[in-house]
Amino acid sequence: MLKLMTAALAVLASVVVPAQSAAAAERFWELQLNLCNSGIAGCYQQGRSVPEAGDLIVRLRPDLVTLNEICRNDLADRLVPSMLTAWPGDRIHQFFAPALRKDTGTPVKCTNGQDYGNAVIGRVPAAAYQGVKTWTGRYTSQDTGNEQRTYACVYAIGHHLGCTTHLSASSEPVALAQCRSLLFDVIPQIRAAEGFTGRTVAGGDFNLEYDTSDPENAQNCVPPGHVRKGDGSVQHVVFSNDLAFVSTQEYSMRYTDHPAFLVRLTKP
């Protein structure tokens, strides 16, 4: 069994809902980003993926952003301010969850000394905001490396549940087990605990491809009542079927080795 750790989270926000926010209320767009900003991986580009991602957030105005391979301060330095710029009258939530070291149980560090991990940023119209609750945990199934994979989930009360994760890069069977743990165990536990049956989105770098000839097919971690969309490689977004699918789009990124992956949905 996984241990779910909960915590309340302060939210950056302003208080007036502009006309453009109300006009966009029926759409729910999810932007998945892997920014390769640890400083360790070969795809690292001296932190330039973060402002690149911030500019994209301002331009696309996603409702939810799921982030992998970032440093904790990337949120406050650029990513959350970009979301505030995109949605100046809405309530913006954020939650960062570090990957954990196998040998010590402490957060993995970026080369700049900050915690390294995953995050969720989202927006709720000010009039609909009722607070947020957050969850993180370490998967029971792990590969032999020192980095222990985790998940981050945020429940914007009564509005949406958003989760992200970065799964094992060295073992597809482990990545699939982690994916199924999140989608079949963790998320249903959160929904049951909160009495929430509404819009739910999980985005991340699953390190699994959609390949029906492969037993570690990304589709094999999609529970009933949910839909998966992928970028043609290892990034996927899984959402509850009370959200209607509209389209997907990939955006080339100069300073990371993954494209930005946008999934356009509409909400009831």
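Now for a quick tour of the structure. (Residues numbered from 1 in each chain as written. Predicted model: local features only at pLDDT ≥ 70, side-chain atom pairs only at ≥ 80, totals over all residues. Heavy atoms only, no water.)

Focus on the overall build of the protein chain
Right, so step 1: Helix and strand content of the protein chain: four helices and 16 strands.
Right, so step 2: Its C-alpha atoms give the protein chain a radius of gyration of 17 Å, near enough to 18 Å, the size a compact globule of 268 residues would have.
Right, so step 3: Dimensions of the protein chain along its principal axes, counting C-alpha atoms only, are 50 × 40 × 35 Å.
Right, so step 4: Expressed as a percentage of its 268 residues, the buried residues of the protein chain come to 56%.
Right, so step 5: Counting contacts in the protein chain only where the partners sit at least 6 residues apart, residues at least 24 apart contribute 72% of the total.
Right, so step 6: Here the protein chain contributes 23 positive and 25 negative side-chain charges, whose respective centroids are spaced 6 Å apart. (Helix = DSSP H or I, 4+ residues; strand = E, 2+ residues; numbered from the N terminus. Rg over C-alpha atoms; globule rule 2.2 N^0.38 Å. Buried < 20%, exposed > 50% of the residue type's maximum accessible area, 1.4 Å probe, protein only. Contact = heavy atoms within 4.5 Å. Lys, Arg positive; Asp, Glu negative; His and termini not counted. Charge placed at Lys NZ, Arg CZ, Asp CG, Glu CD.)

Thoughts on unusual backbone geometry
Right, so step 1: Phi angles above zero are rare outside glycine, and Cys36 is one such case at about 45 degrees.
Right, so step 2: Tracing the sequence through the fold places Cys36 in the loop between β3 (27-34) and α2 (49-60).
Right, so step 3: Take Cys36: its relative accessible area is 1%, and that puts it in the buried class.
Right, so step 4: Here Arg61, not a glycine, exhibits a phi torsion of approximately 55 degrees, which is positive.

Quick word on the pattern of salt bridges
Right, so step 1: Applying the stated criterion across every chain yields a total of nine salt bridges.
Right, so step 2: In this structure, Arg72 engages Asp115 in a salt bridge whose closest nitrogen and oxygen atoms are separated by 3.0 Å. You can see Arg72 sitting in the loop between β4 (64-71) and α3 (73-86) and its partner Asp115 sitting in the loop between β6 (100-101) and β7 (116-124), a full 43 residues away along the chain.
Right, so step 3: On the accessibility criterion, Arg72 (34% relative accessible area) is partly exposed. (Salt bridge = Lys/Arg side-chain N within 4 Å of Asp/Glu carboxyl O.)

Let's talk about helix α4 (residues 172-194)
Right, so step 1: Taking 1.5 Å of rise per residue, the 23 residues of α4 would be expected to cover 33 Å, and the 32 Å separating its terminal C-alpha atoms lies within 8% of that figure.
Right, so step 2: Taken as a whole, α4 carries its principal kink of about 35 degrees at Leu182.
Right, so step 3: All of the buried residues along α4 are Val174, Ala175, Leu176, Gln178, Cys179, Ser181, Leu182, Leu183, Val186, Ile187, Ile190 and Arg191.
Right, so step 4: The inward-facing, buried residues of α4 contact β8 (132-138), β10 (150-156), β11 (160-166), β12 (200-205) and β14 (235-240). (Expected span 1.5 Å × (residues − 1). Bend = angle between axes of the 7 residues up to and from the residue.)

What about the packing of α2 against α3?
Right, so step 1: Across the interface, α2 lies against α3 with an axial gap of 8 Å and an inter-helix angle of 15 degrees. Here α3 runs roughly parallel to α2, going by the angle between their axes. Remark: the crossing between α2 and α3 carries right-handed chirality. Here Val50, Pro51, Ala53, Gly54, Asp55, Ile57 and Val58 of α2 come into contact with α3, specifically with Asp74, Arg78, Leu79, Ser82, Met83, Thr85 and Ala86.
Right, so step 2: Its residues assigned to classes, the contact of α2 with α3 comprises eight nonpolar, three polar and three charged. (Axes fitted to C-alpha atoms, helices over the stretch in contact; angles between N-to-C directions. Parallel < 35°, antiparallel > 145°, perpendicular 65-115°, else oblique. Left-handed = near helix turned anticlockwise from the far one by under 90°. Nonpolar A, V, L, I, M, F, W, Y, C, P; charged D, E, K, R; others polar.)

Let's talk about the environment of Gln249
Right, so step 1: Inspection of the secondary structure assignment puts Gln249 in strand β15 (residues 244-251).
Right, so step 2: Since its relative accessible area comes to 32%, Gln249 is described here as partly exposed.
Right, so step 3: Each C-alpha atom of the pair Gln249 and Ile40 lies 29 Å from the other, and the pair is 209 residues apart in sequence.
Right, so step 4: If near-sequence neighbours (up to four positions away) are discounted, Gln249 is found in contact with Ala260, Phe261, Leu262 and Arg264.
Right, so step 5: A polar contact of 3.3 Å, which involves the side chain of Gln249, links it to the side chain of Tyr251.
Right, so step 6: Within the local environment of Gln249, its side chain forms a polar contact with the side chain of Arg264, the two groups lying 2.6 Å apart. (Polar contact = N/O pair within 3.5 Å; in protein donor to acceptor, adjacent residues only side chain to side chain.)

Some points on empty space enclosed by the protein
Right, so step 1: The tally for this structure, following the rule as stated, stands at one cavity of 30 Å³ or more.
Right, so step 2: In this structure, the largest cavity spans a volume of roughly 40 Å³.
Right, so step 3: Along its surface, the largest cavity is lined by Ala99, Asn118, Glu147, Arg149, Thr150 and His166.
Right, so step 4: Partitioning the lining of the largest cavity into residue classes produces one nonpolar, three polar and two charged. (1 Å grid on protein atoms, 1.4 Å probe; cavity = no way out; pocket = protein on both sides within 12 Å on 5 of 7 lines; lining within 4 Å. Points joined across faces, edges and corners; volume = space filled by probe spheres on them.)

Details of the nonpolar core
Right, so step 1: Leu31, Leu33, Leu35, Leu67, Leu75, Leu79 and Ile121 are the most contacted members of the largest nonpolar core, which has 26 residues in total.
Right, so step 2: If you list the elements that add at least two residues to this core, you get β3, α2, β4, α3, β5 (91-98), β7 and β16 (260-266).
Right, so step 3: Once residues within four sequence positions are removed from consideration, Leu79 is found in contact with Leu35, Val50, Ala53, Gly54, Ile57, Leu67, Ile70, Asp74 and Ile121.
Right, so step 4: The next biggest cluster of nonpolar side chains, apart from the first, holds 24 residues, and it includes Tyr151, Ala175, Ile190 and Val238. (Core = buried A, V, L, I, M, F, W, Y, C linked by side-chain atoms within 4.5 Å.)

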